[in-house]
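If you want the building blocks of each chain, they are given just below.
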Amino acid sequence: MSADKKLFLITGVSSGFGRAFAEAALARGHRVVGTVRNDEAAIRFEDLAPGRAIAVHLDVADVEAIEPAVAEIEKSIGPVDVLINNAGYGHEGTMEESPIEEMRRQFGVNVFGAVGMMKALLPFMRRRRAGHIINITSMGGFITMPGIAYYCGSKFALEGMSEVLAKEVRDFGIWVTAVAPGSFRTDWAGRSMVRSARGIADYDALFDPIRRAREEKNGKQAGDPRKAAAAVMALVEAEKPPVHLLLGADALSLVRDKLESLRAEIDAWEHLTLSTGFAEA
Ligand code: NAP
């Protein structure tokens, strides 16, 4: 295989971003190992480019299964150049109304699953002194809104851990990029979303319009996953890829607003912040 043709490992290629990333990589002549959770998705994926699109069954919530799956890919398919941790879903529900088990499940997929994939692949990438890990986070890893605490928490966690890992492995020739999309037209707010049942009337006024607006917006989001895929391909080809990348006009303006208001709040309370040292320091 020529040096510019890479092997991608992408989690969750059955729909949405994962499918678009895989199609874009395949269109550029790369090979893609894509994880799926059922036979039908495996067949549909491999049909995209027989021989170059290789489906592997993996539920990333099953962390014990990740390491052997990655070792097998490295052994029988080849060295992975690019890992895209894409598999994930959104949980919706106010914190008080959402069972803690839903938080465990949310973090199990969006955080433990992604970290499990990185930990399984790092020994191989480190030995080769090469590799690019791309974690699909969200603008919800920077900004928040009522009703998605577990989701935002999981994406803040993945943003933070991506940034730490980037510092730990830079000297080994491994790049880490956290990609934070705004709203894109995928199955995220449709079939994939887990919605906790409502039960506390006090939250009706705040939360009902948010849930309704998300349901109404589903299928009409401004972001085009194929354009996101082109941007991710540009990242992979970049000489020095960034640690953080926002995707979409909504992500850009909302995150900028958040950073401005955070700075203003830090400044407003600076006197109290600076009041905590020993007198002699
Ligand atoms: P999607 O169309 O629902 O795709 C989600 C993919 O993840 C599917 O292939 C799904 O597989 C897979 N998946 C879910 N849970 C999994 C698990 N436990 N193990 C393995 N695979 C699993 O939604 P999407 O928008 O493309 O989501 C991809 C990523 O983008 C997610 O991390 C999401 O949080 C993030 N994101 C999306 C948006 C947006 O607006 N769409 C914005 C910011 C971030 P199945 O078909 O088997 O369910």
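Above this text sits the structure in question.
To keep things clear, this report deals only with the structure shown in the data block. In this text, all values refer to a predicted model and were calculated from it rather than measured experimentally. (Residues numbered from 1 in each chain as written. Predicted model: local features only at pLDDT ≥ 70, side-chain atom pairs only at ≥ 80, totals over all residues. Heavy atoms only, no water.)

## A word on the layout of surface pockets
1) Next: There is about 180 Å³ of room inside the second largest pocket.
2) Next: Lining the second largest pocket are 14 residues; nearest its centre among them are Lys6, Asp81, Gly131, His132 and Trp175.
3) Next: Tallied by class, the residues present in the lining of the second largest pocket amount to seven nonpolar, three polar and four charged. (1 Å grid on protein atoms, 1.4 Å probe; cavity = no way out; pocket = protein on both sides within 12 Å on 5 of 7 lines; lining within 4 Å. Points joined across faces, edges and corners; volume = space filled by probe spheres on them. Nonpolar A, V, L, I, M, F, W, Y, C, P; charged D, E, K, R; others polar.)

## Considering empty space enclosed by the protein
1) Next: Under the definition given, this model contains one cavity of 30 Å³ or more.
2) Next: Residue lining of the largest cavity: Thr11, Val60, Asn85, Asn86, Ala87, Asn110, Gly113, Ala114, Ile136, Lys155 and Leu158, and that is the complete set.
3) Next: Taken together, the elements giving at least two residues each to the lining of the largest cavity come down to α4 (100-128) and α5 (149-169).
4) Next: The element that contributes the greatest number of residues to the lining of the largest cavity is α4, accounting for three residues.
5) Next: In the lining of the largest cavity, the residues fall into five nonpolar, five polar and one charged. (Helix = DSSP H or I, 4+ residues; strand = E, 2+ residues; numbered from the N terminus.)

## Considerations on the packing of helix α3 (residues 63-76) against α4
1) Next: The N-to-C vectors of α3 and α4 enclose an angle of 30°; their axes lie 9 Å apart at closest approach. When the axes of α3 and α4 are compared, the crossing they make is right-handed. Here α3 contributes Val63, Ile66, Glu67, Val70, Ala71 and Glu74 to the contact with α4, which in turn contributes Phe112, Gly113, Gly116, Met117, Ala120, Leu121, Phe124 and Arg128.
2) Next: Looking at side-chain class alone, the contact of α3 with α4 contains nine nonpolar, two polar and three charged residues. (Axes fitted to C-alpha atoms, helices over the stretch in contact; angles between N-to-C directions. Left-handed = near helix turned anticlockwise from the far one by under 90°. Contact = heavy atoms within 4.5 Å.)

Function cannot be inferred from these measures alone, as they are strictly geometric.
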